[in-house]
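# Coordinate inspection notes
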Amino acid sequence: MEAPVSKRSHWGSRIGFILAAAGSAVGLGNIWKFPYVTGENGGGIFVLIYLACVLLVGLPVMIAEILIGRSTQNSPVGAFKSLAGPRSPWVGMGWLSVLSSFVLLSFYSVVAGWSLHYAWLSISGQLAGLGPDNVAPLFGSLHASAGANLFWHLVFMGLTIAVIYGGVSKGVERWSRILMPALLIMMLVLLINSLTLDGFGKAFQFLFGFHQDKFTAGGALEALGQAFFSLSLGMGAMLTYGSYLRRRDDVVGASVTISALDTCIALVASLMLFPIIFSYGMEPAAGPGLVFISVPIALSQMPGTTFLATLFFGLLVFAALTSAISMLEVATSYFIDQRGWKRHRAAVAAGLAIAVLGLPAALSGGTGLFGSGMEGLVGKNWFDSLDYLVTNWMLPLGGLGIALFTAWRMDRRLRQEEFLSGSRLRLFYQGWVFLLKFPVPVAILLVFLHAVGLL
């Protein structure tokens, strides 16, 4: 069985693809969620299990997703049509991927907007002038402000559309080559600063020490879920990026590099944040407020507040943008591949549609229909409802579908040819297939059942 090959844009280089795909994986989840989840679940034990889950669950699914894209040279819907037939139920997995990225970006851009707001406060020197007591209520007022949320949500979506408008090589790849190195430099500067703080030793012991009293079975499932979601799997981004690879490109080696880079950034983010938290008496298990409340309070007390805060929130903005680019590219590529639209039209139409869908999420912090009004009716506001839907249902089902399709439905000869093509890790083929057939689906099901409260 031969996979069809279409005339298609391609990455200009291997490093361009790796930076773009790593940018997709490296998002707010690495810098925002990983540190506080580690803090809640006992430090070193959680990190060790997380690393094992990246290797045994996340990496195999990433290889499978990129491989499907490269073999078909098509976006998610077209890829499953090509490999399973246009009327196959498996095509539903392609639609799920497009829908997941569409919905996810609609509220992810609101969080990214918060980062933009704090970046502006930092650059303009306003954060330094507030003082610790006034920083604490800052996030609450931002969260409740319809005007501020709408403004920054639309600004961020405009930035994302502008990048996708430029195309694969001149848009996504060009900006990934700028944003990812800049992100790494910012992290390095902040890490060096953290090395000089009194709380670094305590932070290191907290992160890599084994605190059995804080670790539970639920923590193990949390590590598994974090490993899976941190790699940007199950929403078609890796599949779409894989479709821009040439046949000679090494899918397996690139996947290993992307996973390693993503994991290193998550660990560095923790080593960057926790010394700040411990040095200024903050709580390491502070939940989502760690980044938008605890860290700003600590930064406001440090020498060089404006410079450090600008670096930190600039880092958040860059991380958010590299992930958002991949989400919008999934929707854009659908209109290009399946509807025959020109990229400019597809990018603007998809981006505006997502921006409109995100308006209720931007209004979720107030007392209106999409905020406390909806919360009173169904227990969650619009933002939290979409977050719950995507994180606990859509992404796990998408990842499960990728694993099952690649292991059980994809043509065996094509699967093997695609894995071996350009790869220097040929010896791992049988082990990869075994993981996709049995352990990976079981692991994803466990994460799913835990997330929806059935386990």
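Cut-offs and rules
Residues numbered from 1 in each chain as written. Predicted model: local features only at pLDDT ≥ 70, side-chain atom pairs only at ≥ 80, totals over all residues. Heavy atoms only, no water. Helix = DSSP H or I, 4+ residues; strand = E, 2+ residues; numbered from the N terminus. Rg over C-alpha atoms; globule rule 2.2 N^0.38 Å. Buried < 20%, exposed > 50% of the residue type's maximum accessible area, 1.4 Å probe, protein only. Contact = heavy atoms within 4.5 Å. Areas by Shrake-Rupley, 256 points an atom, 1.4 Å probe, with all protein chains shown as cover. Lys, Arg positive; Asp, Glu negative; His and termini not counted. Charge placed at Lys NZ, Arg CZ, Asp CG, Glu CD. Expected span 1.5 Å × (residues − 1). Arc of directions from axis to C-beta. 1 Å grid on protein atoms, 1.4 Å probe; cavity = no way out; pocket = protein on both sides within 12 Å on 5 of 7 lines; lining within 4 Å. Points joined across faces, edges and corners; volume = space filled by probe spheres on them. Nonpolar A, V, L, I, M, F, W, Y, C, P; charged D, E, K, R; others polar. Salt bridge = Lys/Arg side-chain N within 4 Å of Asp/Glu carboxyl O.

Another point: the overall build of the protein chain. Within the protein chain, the regular secondary structure consists of 23 helices and 0 strands. Its C-alpha radius of gyration of 21 Å places the protein chain within 12% of the 23 Å reference for a compact globule of 455 residues. When its C-alpha atoms are laid out on the principal axes, the protein chain stretches across 65 × 45 × 45 Å. The burial tally for the protein chain puts 60% of its 455 residues in the buried class. Here the contacts in the protein chain between residues at least 6 apart in sequence split such that 81% fall between residues at least 24 apart. If you sum the accessible surface of the protein chain, you get close to 17200 Å²; carbon and sulfur atoms cover 67% of it. Treating the 27 positive side-chain charges of the protein chain as one cloud and the 20 negative ones as another, the clouds have centres 14 Å apart.

Right, let's get into helix α23 (residues 439-451). Given 3.6 residues to a turn, an α-helix orients residues that are three or four positions apart in the same direction. With 13 residues, α23 should reach 18 Å at 1.5 Å per residue; the first-to-last C-alpha distance of 18 Å fits that figure. For α23, the set of buried residues is Val440, Pro441, Ala443, Ile444, Val447 and Phe448. For α23, the buried positions fall inside an angular range of 165 degrees around the axis, keeping them on one side. At its buried positions, α23 is contacted by α3 (44-72), α12 (217-230), α20 (382-409) and α22 (429-437). Phi for Gly453, located one or two positions after α23, is positive at around 85 degrees.

Peptide bonds are mostly trans, and most non-glycine residues show a negative phi. The backbone of Gln73 sits at a positive phi, close to 55 degrees, despite the residue not being glycine. Here Gln73 lies in the loop between α3 and α4 (76-84). Notably, Ser232 is not glycine yet its phi reads approximately 65 degrees, a positive angle. Inspection of the secondary structure puts Ser232 in the loop between α12 and α13 (237-242). A relative accessible area of 6% means that Ser232 is categorised as buried.

What follows deals with empty space enclosed by the protein. Take a probe with the size of a water molecule and roll it over the atoms, and the empty space left behind shows itself. In this structure the tally under the stated criterion is 2 cavities of 30 Å³ or more. What the largest cavity holds in volume is close to 40 Å³. The set of elements that each furnish at least two residues to the lining of the largest cavity consists of α12 and α23. Looking at the lining of the largest cavity residue by residue, the classes come out as 6 nonpolar, no polar and no charged.

So, about the layout of surface pockets. In this structure, the largest pocket encloses a volume near 960 Å³. Looking at the largest pocket, it is lined by 40 residues, and the ones nearest its centre are Gly29, Lys33, Phe229, Asp387 and Thr391. At the level of elements, α1 (14-25), α2 (28-40), α5 (91-123), α12, α16 (305-339), α20 and α23 are the ones that each hand at least two residues to the lining of the largest pocket. Among the elements that take part in the lining of the largest pocket, α20 stands out by supplying 8 residues, more than any other. When grouped by side-chain class, the residues that make up the lining of the largest pocket number 21 nonpolar, 14 polar and 5 charged.

Here we come to the pattern of salt bridges. Using the criterion set out here, one finds 8 salt bridges in the structure. The residue Arg247 makes a salt bridge to Glu417 at a minimum N-O spacing of 4.0 Å. Highlighted residues: Arg247 in the loop between α13 and α14 (251-279) and Glu417 in helix α21 (residues 412-420), separated in sequence by 170 residues. A relative accessible area of 28% places Glu417 in the partly exposed class. Glu329 is paired through a salt bridge with Arg343; the nearest N and O atoms lie 2.8 Å apart. Of this pair, Glu329 sits in helix α16 while Arg343 is found in helix α17 (residues 343-357), placing the two residues 14 residues apart along the sequence. Residue class for Glu329 comes out buried when judged on its relative accessible area of 0%. With a relative accessible area of 17%, Arg343 lands in the buried category. The structure contains a network of salt bridges with shared partners spanning Arg70, Arg247, Arg413, Glu417 and Glu418.

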